[in-house]
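As a plain string of letters, each chain reads:
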Amino acid sequence: MALPADIGFLVVNGNFISARKKIELRLKDKLPSLLKSRLEYEVFRMERIKKNYTINEEEAKRMLSEEVKDFSEDEFVELTDLKLIDYMVIEGERFFEKRFLSNLFFASEKYSVRRVNPDAKKLKSNELLHETIDRLLSGAIPRKYRIRAKISSKINEDAQIKGELVRCWLPLPRKDVQQDNINIISSSHKLLFVSGEHHPSRTVFMEDKLENNPLFEIEFEYDIQEMTSSVDPSQVRLPKSDMSEFLREKSPHMEFTCYLKNLAREIVGNEKNPYFKAKMIYDWITKNVKYSFMSEYRIYENISQFAAINLRGDCGVQALLFITLCRICSIPARWQSGWYANPVSPGNHDWAMFYIEPYGWLPVDCSFGGARRNNESYREFYFGNLDAYRMIANSSFMADFSPRKSHMRNDPYDNQNGEMETELQPVFPEDADSNTQIIKVTPLD
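Model, not experiment: these values are computed from the prediction. (Residues numbered from 1 in each chain as written. Predicted model: local features only at pLDDT ≥ 70, side-chain atom pairs only at ≥ 80, totals over all residues. Heavy atoms only, no water.)

Colleague: It is not clear to me how the overall build of the protein should be interpreted in this structure. Could you clarify?
Modeller: Helix and strand counts for the protein come out as 14 helices and 17 strands. Radius of gyration (C-alpha) of the protein: 22 Å, near the 22 Å computed for a compact globule of 445 residues. Its C-alpha atoms put the protein at 60 × 55 × 50 Å along the principal axes. Expressed as a percentage of the 445 residues in the protein, the buried residues total 51%. For the protein, the proportion of contacts with a sequence separation of at least 24, taken over those separated by at least 6, is 72%. Counting 62 positive and 67 negative side-chain charges, the protein places the centres of these two groups 3 Å from one another. (Helix = DSSP H or I, 4+ residues; strand = E, 2+ residues; numbered from the N terminus. Rg over C-alpha atoms; globule rule 2.2 N^0.38 Å. Buried < 20%, exposed > 50% of the residue type's maximum accessible area, 1.4 Å probe, protein only. Contact = heavy atoms within 4.5 Å. Lys, Arg positive; Asp, Glu negative; His and termini not counted. Charge placed at Lys NZ, Arg CZ, Asp CG, Glu CD.)

Colleague: Can you help me understand the sheet that holds strand 9 (residues 215-225) in this one?
Modeller: Strands belonging to one sheet form pairs held by backbone hydrogen bonds; the direction of such a pair is parallel or antiparallel. One open sheet holds the 4 strands; their spatial order is 6-9-4-17, and the pairing between them is antiparallel. Two strands in the sheet have a free side with no partner beyond their single neighbour: strand 6 (179-187) and strand 17 (432-443). Neighbour-to-neighbour, the strand axes of the sheet open up by a mean angle of 20°, direction not taken into account. The pairing of strand 4 (residues 144-155) with strand 9 spans 11 bridges and is classified as antiparallel. Its bridge partner lying in strand 9, R146 is registered against D223. (Pairing = 2+ DSSP bridges. Axes fitted to C-alpha atoms, helices over the stretch in contact; angles between N-to-C directions.)

Colleague: Explanation requested: the packing of aromatic side chains in the structure shown.
Modeller: Aromatic ring pairs are reported here in terms of the distance separating the ring centres and the angle at which the planes meet. All chains considered together, the criterion is met by 27 aromatic pairs. Centre to centre, the rings of F381 and Y382 are 5.0 Å apart; their planes meet at 90°, and the pair counts as edge-to-face. For F381, a relative accessible area of 3% corresponds to the buried category. When its relative accessible area of 0% is taken as the criterion, Y382 is described as buried. Through pairs of rings, three or more aromatic residues link up here, namely Y275, F276, Y282, F322, F354 and F383. Sitting over the face of the ring of F368, R372 holds its NZ or CZ atom 4.9 Å from the ring centroid. Between the NZ or CZ atom of R409 and the centre of the ring of F401, over which it lies, the distance is 3.9 Å. (Phe/Tyr/Trp six-rings, centres within 6.5 Å; stacked < 30°, edge-to-face > 60°. Lys NZ or Arg CZ within 6 Å of the ring centre and 35° of its normal.)

Colleague: Would you explain the nonpolar core in this entry?
Modeller: What tends to happen in soluble globular proteins is that the nonpolar side chains get buried as a cluster. Among the nonpolar cores identified, the biggest contains 105 residues, and F220, I281, I285, L321, F322, L325 and F354 are the most heavily contacted of them. With 9 residues, helix 12 (residues 315-328) is the largest single contributor of residues to this core. What F354 contacts, discounting residues up to four positions off in sequence, is Y275, A278, F322, I331, P332, A333, G360, W361, L362, V364 and F383. The next biggest cluster of nonpolar side chains, apart from the first, holds 16 residues, and it includes F76, Y87, F96 and L104. (Core = buried A, V, L, I, M, F, W, Y, C linked by side-chain atoms within 4.5 Å.)

Colleague: Hey, could you run me through the environment of I185 in this one?
Modeller: Locating I185 in the fold gives a position in strand 6. For the pair I185 and E219, spaced 34 residues apart in sequence, the C-alpha separation works out to 5.4 Å. Filtering out sequence-adjacent residues up to four positions away, I185 remains in contact with R148, E219, F220 and E221.

Colleague: Help me understand the environment of I49 in this model?
Modeller: Mapped onto the fold, I49 is located in helix 3 (residues 33-52). Note on I49: relative accessible area 3%, which makes it buried. C-alpha separation for the pair I49 and K240, spaced 191 residues apart in sequence, amounts to 45 Å. When neighbours within four sequence positions are excluded, I49 is seen to be in contact with F16, M88, I90 and I299.

Colleague: Would you explain the pairing of strand 14 (residues 360-364) in this entry?
Modeller: Looking along a regular strand, one sees side chains alternate from face to face of the sheet. Burial within strand 14 is extensive, with 5 of its 5 residues counted as buried. Relative to strand 14, strand 13 (residues 347-356) runs antiparallel, the two being bridged by 5 bridges. Bridged to F354 within strand 14 is L362. Joining the antiparallel neighbours strand 13 and strand 14 is a turn of 3 residues.

Colleague: How should I be thinking about the packing of helix 9 (residues 258-268) against helix 10 (residues 274-288) in this particular structure?
Modeller: Two quantities define a packed helix pair, namely the angle between the axes and the distance from one axis to the other. Running from N to C, helix 9 and helix 10 cross one another at 105°; their axes reach a closest spacing of 9 Å. Put simply, helix 9 runs roughly perpendicular to helix 10. Between helix 9 and helix 10, the contacting residues are L263, I267 and V268 on the first element and K277, M280, I281 and W284 on the second. Here the residues of the contact of helix 9 with helix 10 are counted per class, giving 6 nonpolar, no polar and 1 charged. (Parallel < 35°, antiparallel > 145°, perpendicular 65-115°, else oblique. Nonpolar A, V, L, I, M, F, W, Y, C, P; charged D, E, K, R; others polar.)

Worth remembering: the numbers are spatial, not functional.
See the structure below:
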């Protein structure tokens, strides 16, 4: 819900100190319960924003000068004026998002080629991925792989954490359209609970005493299939089964706002075929929404609308926009996420699925497609096709853990790095270290 106008004005302009004072005064009054909760959350939200925007202007210029060949002051002005590097004005001073530099290299070919220290792992992982895409585009039969992987999580030694017991939820592969045969190989602790193989946000749950400074770790393997599709649009029809779960709004990030409904009409026009409508939505996002790293999702009010207005966003933001626009157009759509399990350089990743009869669930990766818009065949590939460098832990956005956390999650919408808490407090991202490792990728054919 929206903030009161006077407080909202202060927050938008980065006057967090004044906003907090007004909130504290307002909380002394008798308020409706939701308004009270919203004001209390805004105090927390402003603190999280400051944790994400930590680099002042002087430090940002120094980093750019050191990492970009022949970087100039004029370029800095251009980057900030066009908001190509992410910053916020807080208490009258510009602060840059802590990953602004890596985002610039990721999103801009112009600057990545001038990088003083090129990212060799990224170049190698892209080479491996493009070999896979080229093979599938040539008509090769999709392969199946067995992937062995490990994730660990540990509280940093200098973190000020209170409590006696640490509880930990680590992501685990779930059974899905292209993924099965999941086996846990080893774990650092006794597994107190393992979610069912179809749980929409699958985890393993462990705990240990805080005084032990525990390292939580799980190693597992799973089979995953490359996906390709060959759709005859004339055969596409409406689903016979109940797909209402994948057609409804889901506040606050998949709302059918007036703006998004109007955008959907502009994109699909008079088209009736759901396959073509989904393709038109994919084309619009991959050609108009630029990739950009995001701060913690929990500080945004409506992620899909943010993407459609600002025309930027990371993989999850673009996936949410695709899902929301599909649902507005009566096309069942859902979430998939976990890891980009490339053995050279793994990382967190989100994408989407949409459903058409008689073909079932088809994958869509807007961010991978949009990042390859300079190669039309690669961009086209990520509509209806998907590589197998994936680990799917989540099939729904905003799914609860089992068992549920007692304190607020760092990511209330997804789970890729795991979450920890004590009986007294959550463990925030800056207080923990999570590590993902792809141990082995074995073709099964």
